[in-house]
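# Geometric and topological summary
Now for the letters of each chain:
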Amino acid sequence: MVETQIAARGIKDELVLKAMRDVPRHLFVPARSRGSAYRDCPLAIGYGQTISQPYIVALMTEWLKPKKDEIAFEVGTGSGYQAAIISRIVQSVYTIEIIPALGDTAEKRITEIGYKNIHVKIGDGYFGWEEHAPFDCIIVTAASDHIPPPLITQLKKGGRMVIPVGHPFRVQNLMLIEKSEEGEIQVKSTLPGVMFVPFVRERK
């Protein structure tokens, strides 16, 4: 998977490649799908959600430029796979999932595998996780029609955020947001034509 789907497409960060090799992807998919765990495609994990294509996981992680002394935040825990990948690089990962069944299953899976630097919360990721902010890097794994302002606020100066932006039922743009040391925001559209599941919000 790593050689043919990821490195061959231009992913060069050795820490990202090592994380993709080390994390057992098949343990993050439903048992019925384990035979397809390493295929070059997303897979359904229930509740209308997916585990992203391996290449997209690696690409988003590389764009984050995570470092070993950093704190990362993920919106959309899902299966827990993206959090597990980032956790192999950074100091700690805080991840939030709005669907309790997915969040609880992911937390149990992460604990059983032995990843001790991942912290899971059930809640609406639109508002981030303020008590642990600011974050060095933020990754959003569901499509939003705009960049949530609370996430920009909770991004540390010098930090990076990757998020798919666009209509949730059409193709979206994968965006890279960088906050300068002066607090200025720069937004780059780095990959058009991606398809992510919708950003789920709490119902009022």
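Refer to the structure printed above.
All of the points below concern the structure found in this document. On a predicted model such as this, the values are computed, not experimentally measured, just so you know.

Analysis parameters
Residues numbered from 1 in each chain as written. Predicted model: local features only at pLDDT ≥ 70, side-chain atom pairs only at ≥ 80, totals over all residues. Heavy atoms only, no water. Helix = DSSP H or I, 4+ residues; strand = E, 2+ residues; numbered from the N terminus. Expected span 1.5 Å × (residues − 1). Buried < 20%, exposed > 50% of the residue type's maximum accessible area, 1.4 Å probe, protein only. Arc of directions from axis to C-beta. Contact = heavy atoms within 4.5 Å. Pairing = 2+ DSSP bridges. Core = buried A, V, L, I, M, F, W, Y, C linked by side-chain atoms within 4.5 Å.

Quick look at helix α5 (residues 100–113) now. Taking 1.5 Å as the rise per residue, α5 with 14 residues should run 20 Å; its terminal C-alpha atoms sit 20 Å apart, in good agreement. The set of residues buried in α5 consists of Leu102, Gly103, Ala106, Arg109 and Ile110. The buried residues of α5 occupy an angular sector of 130° when the element is viewed end-on, so they sit on one face. Of the exposed residues in α5, those oriented more than 90 degrees away from the buried face are Lys108, Thr111 and Glu112. Tucked into the core, α5 has its buried residues touching β1 (43–46), β2 (49–51), β4 (92–97) and β5 (118–122).

A few words now on the pairing of strand β8 (residues 172–179). Across the eight residues of β8, seven count as buried, placing the element largely inside the fold. Bridge count between strand β7 (residues 155–165) and β8: six bridges; the pairing is antiparallel. Bridge assignment links Met161 to a residue of β8, and that residue is Ile177. As consecutive antiparallel partners, β7 and β8 are separated by six residues, and within that stretch Gly166 has a phi angle of approximately 150°, a positive value. Inspection of the sheet shows β8 paired to strand β9 (residues 185–194) by eight bridges, in the antiparallel sense. Paired with Met175 across the two strands is Ser189, which belongs to β9. Between the end of β8 and the start of β9, which pair antiparallel, lie five residues, with Gly183 showing a positive phi angle near 90°.

Another aspect to go through is the nonpolar core. Counting residues in each nonpolar core, the largest one holds 47 residues, and the members touching the most others are Ile11, Met20, Tyr81, Ile118 and Leu174. At eight residues, helix α3 (residues 54–64) tops the list of elements feeding residues into this core. Other than its neighbours up to four places away in sequence, Ile118 contacts Ala83, Ala84, Ser87, Val93, Thr95 and Ile110. Listed in part, the 21 residues of the second largest apolar core include Ile96, Ile138, Leu151 and Val165.

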